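Understanding the architecture of this molecule
As a plain string of letters, each chain reads:
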Amino acid sequence: MKAGSARVDGAVDSHELAKLSAVELLEGYRAKRFTPRDVIEDVISALKRTNASCNVVVTATYDQAREAADLATRAWSFGQPQGKLTGVPVSIKDLVYVAGVRALGGAPANGDMVPSIDSAVVAALKAAGAIITCKTTTCESGYKLTADSPVSGVTRNPWNRERTSGGSSGGAAASIAAGCGPLAIGTDGVGSIRVPSAFCGVVGIKPTFGLVPRSPGFSPPSWGSLAHTGPIARTVADAALLLEAVATHDLRDAASLPVPSRSFDAKPVMLDGVRIGSSVDFGYAAVAPDVRKAFRSAVETLGSLGANIVADCVHFQSDMLERILKPIAYTEQAAAVSARGAAALANSDSDYRDVVAKGSGYSGIEYVEAGYRRNSLRASFLEIFGKVDAIVTPTVAVTAFAAGELGVDVVDGTAVDRHLGWSPFSWPINLTGLPAATIPCGFDTDGLPIGLQIIAPWLDEGLIVRIAAAFERARPWSQFRPQMA
């Protein structure tokens, strides 16, 4: 039976509960077809199976989840759910603090650190009644676009265990793709929500910089001016629901925006009159043929939904990676760990040590000059958004590569930076602080998912949700799932 399908008696098979969307779970609780405790038991079973094959969990909180599920079950039985997400399971990336739970952040130097306080995001989720199931795998301090680390090993893609999940929110995206519950929290410094979501065929949203608070936790010190926190889910409606819950203001994060609580309408409607700029390569980037083909098809679909497509609207210089991103990202990463000393990094990834060393080598002048260029990049987007309402690109220039690798150094016959050159569409959006999402838009010839990135002006997540929901209705993806043993 297809995931989430109902039997004649209106019930749902117990082994299907973990695959239901958050919206479907809430509907089921209201109708008393199943309880949060039923759901949590199935989610825990799914997490254990997926972890055995894909390595997605770094710290389990199953006993606490069962206790929370019992409370939620009682609340629903009396018709008194405490919040919008009462009884809905959610996993938390291991760069985000959960009080009383180990916070390794992929780093051997963190030992068995246990924070005494929840991050603002986790506090908001608990207030909404969500149930924390586990901490998911990430790379060391979120420095790269896979989820492999010295403390948790290699995280694999449920569509093909020989391929990477992407990262650094790789455990989160892989678990959602595998049907281990509907919601996950990730973080994104250079693409760490969007890249794994694209590789795993799920939805990921990087909100406007500051819309979702990041403190306390690892992310702000590691990627102070680049890091975002946001949702990963299987459906647009679920991602919007999760974003609503965590888009709060918190004075502990200096970048947190004091904007009113917001809601996002994920009901699919036509896109009549919406001006969507498209760029398959940002004017310079190498892109794999299968990705180009899927992107062209996705743009055609958006046009069929009434959008006015403005082709080739983005043109950037090919030296942005070296002249803007690296002096900023690498310097901020080095600053975050400088107090630890070299001995504390002895068991770190060699690639991570290289990033820290390069970051330590930039001068203050180089860092500030990169900031000036960053402002020019932001101004470029301001100019583009004077002509279009949103921009679409491929999410990543390639599909999932071999598990355990840092990246690829050749894309469609062109040499690229192995660390970040194969993801040219993600990190420019971190530099500008713009909101962006990835949604599934097809598969390559090996059956691996391909993502479509949707970029909107600052604080216009609502437009992203509208475009994504319209595309989801025209090209539904929820019936496509990896075959899990």
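Calculation notes
Residues numbered from 1 in each chain as written. Predicted model: local features only at pLDDT ≥ 70, side-chain atom pairs only at ≥ 80, totals over all residues. Heavy atoms only, no water. Helix = DSSP H or I, 4+ residues; strand = E, 2+ residues; numbered from the N terminus. Buried < 20%, exposed > 50% of the residue type's maximum accessible area, 1.4 Å probe, protein only. Contact = heavy atoms within 4.5 Å. pLDDT = per-residue confidence, 0-100. Pairing = 2+ DSSP bridges. Axes fitted to C-alpha atoms, helices over the stretch in contact; angles between N-to-C directions. Salt bridge = Lys/Arg side-chain N within 4 Å of Asp/Glu carboxyl O.

1. Considerations on unusual backbone geometry
- For the bond from Gly-167 to Ser-168, the omega torsion is 10 degrees, close enough to zero to count as cis.
- Its place among the elements puts Ser-168 in the loop between strand S5 (160-164) and helix H5 (170-177).
- The step from Ser-215 to Pro-216 runs through a cis peptide bond, and the omega angle for that step is -15 degrees.
- Structurally, Pro-216 is set in the loop between strand S7 (203-206) and helix H7 (219-222).
- In this structure, Asn-55 is a non-glycine residue whose phi angle is positive, near 60 degrees.
- Note on placement: Asn-55 falls in the loop between helix H2 (36-54) and strand S1 (57-60).
- Phi at Ser-141 is positive, roughly 55 degrees, even though this residue is not glycine.
- Note on placement: Ser-141 falls in the loop between strand S3 (131-136) and strand S4 (156-157).

2. Brief notes about helix H8 (residues 236-246)
- The buried fraction of H8 is high, at 10 of 11 residues.
- Residues of H8 that are buried: Val-236, Asp-238, Ala-239, Ala-240, Leu-241, Leu-242, Leu-243, Glu-244, Ala-245 and Val-246.
- Buried residues in H8 make contact with helix H1 (22-31), helix H4 (120-127), strand S6 (183-188), S7, strand S8 (228-233) and helix H14 (461-474).

3. Some remarks on the confidence of the model for the chain
- Model confidence for the chain is summarised by a mean pLDDT of 94, while 96% of its residues fall at 70 or above.
- For the stretch residues 1-9, pLDDT sits under 50, and the model shows 15 contacts to residues farther than four places along the chain or on other chains.

4. Brief notes about the environment of Pro-394
- Here Pro-394 lies in strand S11 (residues 390-394).
- Each C-alpha atom of the pair Pro-394 and Gln-64 lies 39 Å from the other, and the pair is 330 residues apart in sequence.
- Ignoring any residue separated from it by four or fewer positions in sequence, one finds Pro-394 in contact with Ser-279, Val-280, Val-291, Phe-295, Phe-425, Gly-451 and Gln-453.

5. Considering the sheet that holds S8
- Taken in spatial order, the 11 strands make up an open sheet running S1-S3-S2-S6-S8-S7-S14-S15-S11-S9-S10, and their pairing is mixed. Two strands close off the open sheet at either side, each with one partner strand: S1 and strand S10 (308-311). In this sheet, neighbouring strand axes are inclined to one another by 30 degrees on average, regardless of whether the strands run parallel or antiparallel.
- Sitting on the sheet, helix H3 (residues 62-77) touches S1 and S3, and the angle it makes with S3 is about 160 degrees.

6. A look at the pattern of salt bridges
- Counted according to the given criterion, the structure contains 21 salt bridges.
- A salt bridge links Glu-41 to Arg-37; the nearest nitrogen and oxygen atoms lie 2.9 Å apart. You can see Glu-41 and its partner Arg-37 sitting in helix H2, 4 residues apart, about one turn around the helix.
- In this structure, the salt-bridge partner of Asp-409 is Arg-418, at a minimum N-O distance of 3.4 Å.
- Connected through shared salt-bridge partners, Arg-37, Glu-41, Asp-63, Arg-66 and Asp-70 make up one network.

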